[in-house]
Amino acid sequence: MGFNVSRRHFLGAGTGLAAAAVLTACGSGTPGEPAPEETTGTGGETSGGESAAAAVTIQFWHRTFTPVENEWYANIVKQFNESQSEVKVVGTEVPADAWDQKMKSAQAAGKAPDVYTHPGAIQDGVNAGQLRELNDIVPQEALDEIIDAALPVSAVGDKYYAYPLLLEPQTVLFWNKTMLEAAGLDPEVGPETWDELLEMCAAIKPTLGEGQYCIQPAADAPTFAWSTVGQQYNFAGHTALTDDWTAPNVENPEYAALIEGYKALWDNDYMPKQALAAYVAGNDYGEEKVAFKVSGSWMMSEIGSDFPDLLGRTGVGRFPTAAGSDRTTTTLGNFKWVVDAKTANAEAAGKFLAWSIAGDPANLVPFFVNTQFTKVSVRQSVQDAVADDAAAADAPWSDIVTNEIAPDAISEPMYPWDVSLAVGTAMEAGMKGAQPIDVALKTAADTIAQVIERDGLAEKAPN
Amino acid sequence: MSTTTELISKAEVKRLNKSKYRDTRLAFLMLAPVTIMLGIFVIYPAFQAVYLSFQDWSFYKPPEFVGWRNFTNVLSDPLFFAAIRRGFVFVLMTVPIMLVLAFLFASLVVSVGKKFATTLKVSIYIPTIISGVIASIIFVLIYDYSGGLLNATLANFDVAPIAWIGDPKWALFAIAIPAIWLGMGLTSLIMVAAMVDIPEEFYEAAAMEGANWWQKTLYITIPQMKNVILYLLITGFVASIQQFELPLVMTGGGPLDSTNLPNLFIFNHFRNDITVGYSIAAALLLFVVLGTVSALIFKVLNSEKLVD
C-alpha cells in the first residue's frame, strides 16, 4: 500500500513536470490569452483575524465568460467568504482558451482546484474517477431540486456528481429586424425551415452592402462538432452513433441533406468564406455585418452589454428545421460546478457549492437577470424568482428561449469528442466542397469506427 | 613528441597533472547546474514519458499497463500521419525560403558600410524578439476576411476577398509567412557572422583570377559556410516541424486540419483526451521521426571533414 502511494506520487510529480515543461515550452499559459486572475484574494478581508486563521481554504476555478457573469462569480465568492468564517474560498478566473491546458497541468501535478466549473457530459469524468460524489456533502433536498432535464448532466444512477448552474440552448437563430425589413421581409418572423432560410437569404443578399452577409452560422469543424448535434438530431432523428455505440450512424441521406443546406449557404455566398467572429461571440452581429447569426442563447447577453441599441431590434427564434421535422434543432448546453475527487476538503467544497448555487435563490437571481434571461436555472425556485424580477417584462426573448426552444432540446452527446469532431470535419469538408458529401461522410464513418474500436465504446454505451 | 616529454621533469609532470585535475573538478562543477537541470527537466521526464506511454492513465486512478496499445492507436491513426506529412510540407515551405532570404540579406549586410550594416542587422532581428503570439495576432488582423489589411490592399486591384486562414488551400501558406518572418532574424545574423569569418584573402585571390560574384559565392562563400548552413538546416527543420504557436493562435489547426501541425495535433490530444497515453506515445514517435531526419541530414551533408 505504502509502495503504491509513493509510486503514484512519483508518477504525479514526473508527469506534472513533463506537462509543465511542455506547457512552458509553449509559452506562458495560452498564447494570446491573459494570465489567470484571482477574482477574490480575500486574505485579510475575512472579518475576525482569529477565525480567519482557522478557516479551511479551498480553491475555486471558473472560466472567463461575459463581463456580467464574471462579476457574478467574483461577487458570489466574496459574499460566501463574508457570510461565514469556517471556509475561505479563493476564486480564480481562468481564460476560457487556457482552461483545458491549465486544468490538465494541475491534475497531472495533483493540484486541481477543489471546486471548478464543468461543461458538457459527466460520464467521462465519472469513469475516470475525476469527479467526487456530492450525495454526502450537499444536502439531499438541494440535490432533489434539480429538474429532470438537468439530471443527465448531474447524476449517474442515484449518485450526483455535478450541480448545474444553468442550462442554455446552444443553437439559436438571431436576426436583425432592420435588415430584414430593408429586404421587404417580415421582421418579426424568422425562418421555420431551411428552405425558408435560403429564400430569405436570397431576398436579403441584394440589399447588403460590402462586407455584409446574410448569415454567420458555425463554419469550422470543431464548432460544427458541438453546435450542430441538435441539427443532426433534427434531420436524422438520431446522432452520430447507433444506440448501442457499436457503429457510426452518419452515412445516410439525412446527414447528407443537412450538409447540403450548409453547402447552399456557402455556394451562394450567403455566408462569409471566413468566419467574421467566433460562434460563441456576437460582435459580427453587433456590428451589423450579418442579418442572421447562429449562436447560443447566451449571445443575447452580449448584445445587451455591448450593443444595447440592437437589443430591441433583435429577433430570436429556433434554428430552422428540416422539411417536415418537428424535432428540436439544439442541444442544451450547461455549466456545472463539480468537486474534484482528490480534494482534501470535500466538506468545505460541498458547503461552498451548496451555499452558492444550491441555496438561497436570491444568490442566483442577479446571474440570470444580468445575462438577459437567456439561461435557464435547473431549480424551479430560482426560475420563479427570476420570472418575478421586474426586468423580465422587458425581455420578451426570455419566453422564447425558456418556453419554445429549451423544453424539447436534447442533452449534449455522451460519446467522446473525437466522434463529434469526425462529424464536424465531414460537415466542413462537404460545405466547402473539399470532398463530395458522400465521401466526407464515409471518411467520418471510418474515423468514428476507429474511435469505437480504440475506446471500446460498445462497452461504455449508456443503457 | 617523446623528446619533449623527456625534457619535462617529474615534478613538472606532477604539477601539470594536479593542474589538470583541478581543471577537471572545475569543469564538473560548471557542468553540474546544467546537468542537474537537464536531469530534472529533460532526462527524468523523458524516461517517465516512455514508462507512461505503455499505461492508460487519467491522473485519478492508478495507471493501467496496456502494452503497445497507445502506440498501435497512434500508428493506425491516419490523422497522425497526415499531421507528420503536413509538418514536412511546412518545413519545405519555410526552411529553404528562409535560408535563401537570410543568405541574400547577409550578403547585403557584409557588402555595405558599417553604420548601414548595423541598421540592417537591427531591423532584421526585431521580429525575433517579438513573441510568436503577438505575431500571430498581428497576422490574424492582416488576414481578416472582412476589413483585413491584405484583402483591403488587394481590393484596390479588384481582387475579391480571399479567406487566407479560412480556406484550406491558403491556410498553411498564410501561416508559413509569419514563420519565415519570425525566423529570418536569427538565421540572418548567424549567416552574417559566418560570412565575416571567411578570410578576405580567398576573395582577393578569386578577384585576381577574374571571378565574379556568383563564382565567389558558389566556390568560396557557400563551401566555407557549409557547417553553419548545416546547423541552420537542422535547427530550422526542427523548429519548423515543431511550429505550434502560430497555428494554435491563428487557426486552431483548421480549416479542415490544413494547419494541424504535429505538435498541435499532439497538444490537442493532450488537452482533449481523458487519458494521456495517446499523446505521450505520439510525442515519442514524433521524437523518433525528428531524430531520424536530423541524422539523415547529418549523414547526407557529411560535415565532419570541415569540422576537423
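Residues numbered from 1 in each chain as written. Chains lettered and ligands numbered in written order. Predicted model: local features only at pLDDT ≥ 70, side-chain atom pairs only at ≥ 80, totals over all residues.

Details of the overall build of chain B
Here is the rule we go by: Each helix is a run of DSSP H or I of at least 4 residues and each strand a run of E of at least 2, with the numbering of both proceeding from the N terminus. In this treatment the radius of gyration is a C-alpha quantity, and the globule benchmark scales as 2.2 Å times the residue count to the 0.38 power. In this scheme the burial state of a residue depends on its C-beta neighbours within 10 Å: 20 or more other such atoms mean buried, 12 or fewer mean exposed, and anything in between means partly exposed; the C-beta positions come from the backbone. The contact criterion used is a C-beta to C-beta distance within 7 Å, with each C-beta placed from the backbone.
The helix and strand inventory of chain B stands at 15 helices and 2 strands. Rg of the C-alpha trace for chain B: 26 Å, well past the compact-globule value of 19 Å for 308 residues, more than 25% over. When its C-alpha atoms are laid out on the principal axes, chain B stretches across 80 × 65 × 30 Å. For chain B, the residues scored as buried account for 32% of the 308 residues in total. Sequence separation of 24 or more characterises 70% of the internal contacts of chain B that already satisfy a separation of 6 or more.

Quick look at the interface of chain A and chain B
Note the following rule: Residue classes follow a fixed rule: Ala, Val, Leu, Ile, Met, Phe, Trp, Tyr, Cys and Pro count as nonpolar, while Asp, Glu, Lys and Arg count as charged, and any other residue, Gly among them, counts as polar.
With 39 residues of chain A in contact, the opposing surface of chain B contributes 36 residues. Counting residues per element, the side of chain A that touches chain B draws most heavily on helix 1 (residues 2-25) of chain A, at 8 residues. Considering only residue class, the side of chain A that touches chain B consists of 17 nonpolar, 12 polar and 10 charged.

So, the packing of helix 4 (residues 78-111) of chain B against helix 8 (residues 168-196) of chain B
Residue and element names in this part refer to chain B. Rules: For every element, the axis is a line fit to its C-alpha atoms; helices are fit only across the contacting stretch, and the angle between N-to-C directions ranges from 0 to 180 degrees. Any angle that falls under 35 degrees is termed roughly parallel, while one over 145 is termed roughly antiparallel, one within 65 to 115 roughly perpendicular, and all others oblique. Take the far helix as your reference; a near helix turned counterclockwise from it by less than a right angle gives a left-handed crossing, and one turned clockwise gives a right-handed crossing.
It is at 7 Å that the axes of helix 4 and helix 8 come closest, and there the two elements cross at 40°. Judged on the interaxial angle alone, helix 8 and helix 4 are oblique. Helix-helix and strand crossings are classified by hand; for helix 4 and helix 8 the assignment is right-handed. When the residues that make up the contact of helix 4 with helix 8 are grouped by side-chain class, the tally is 23 nonpolar, 4 polar and no charged.

A few points about helix 6 (residues 132-143) of chain B
All names here are of chain B. Short version of the rule: The length a helix should cover is 1.5 Å for every residue beyond the first. What the arc describes is the spread of directions from the helix axis to the C-beta atoms.
Look at helix 6: 16 Å from first C-alpha to last across 12 residues, which is about the 16 Å you get at 1.5 Å a residue. Every buried residue belonging to helix 6 is among G132, V133, S136, F139 and Y143, and all of these are buried. Taken around the axis of helix 6, the buried residues stretch over an arc of 125°, which confines them to a single face. For helix 6, the secondary structure elements touched by its buried residues are helix 7 (149-155), helix 8 and helix 12 (245-250).

Looking at the pairing of strand 8 (residues 172-176) of chain A
All names here are of chain A. Rules: Strand pairing follows a simple DSSP-based rule, namely that at least 2 bridges must link the two strands.
Summarising burial for strand 8: 5 of the 5 residues are buried, a large majority. Neither face of strand 8 is exposed, since V172, F174 and N176 on one face and L173 and W175 on the opposite face are all buried. Relative to strand 10 (residues 290-295), strand 8 is paired through 4 bridges, and the arrangement is antiparallel. If you follow W175 over to strand 10, its bridge partner there is F292. Strand direction decides the pairing type here: strand 8 and strand 11 (residues 314-318), joined by 5 bridges, are antiparallel. Residue pairing for strand 11: V172 is matched across the bridge by R318.

Section: the nonpolar core
Note the cut-off: Note on definitions: a nonpolar core is a set of buried residues drawn from Ala, Val, Leu, Ile, Met, Phe, Trp, Tyr and Cys, linked by C-beta atoms within 7 Å.
Among the nonpolar cores identified, the biggest contains 187 residues, and C214, I215, F352 and L353 of chain A are the most heavily contacted of them. If we skip the residues at most four places from it in the chain, F352 of chain A touches I58, F60, F80, V87, V89 and V115 of chain A.

As for the UniProt feature "domain: ABC transmembrane type-1" (unreviewed entry) in chain B
Rules: UniProt positions are given in the numbering used here, feature names are shortened, and annotations may be inferred rather than shown by experiment.
UniProt annotation of "domain: ABC transmembrane type-1" (unreviewed entry) refers to residues 84-297 of chain B when read in the numbering used here. Across residues 84-297 of chain B one finds 78% helix and 0% strand; the C-alpha atoms that close the span lie 17 Å apart.

A word on the domain arrangement of chain A
Many descriptions give the size of an interface as the accessible area lost when the pieces come together. Residue and element names in this part refer to chain A. The line we're drawing: Segmentation of the chain into domains, including their bounds, is taken from an automatic or database domain assignment.
Assigned domains within chain A: domain 1 (32-168 + 333-394) and domain 2 (172-329 + 414-459). Centre-to-centre, using C-alpha coordinates, domain 1 lies 30 Å away from domain 2. The partner domain 2 presents 9 residues to the 11 residues of domain 1 that form the contact. Among the residues making up the side of domain 1 that touches domain 2, the classes are represented as 3 nonpolar, 6 polar and 2 charged.

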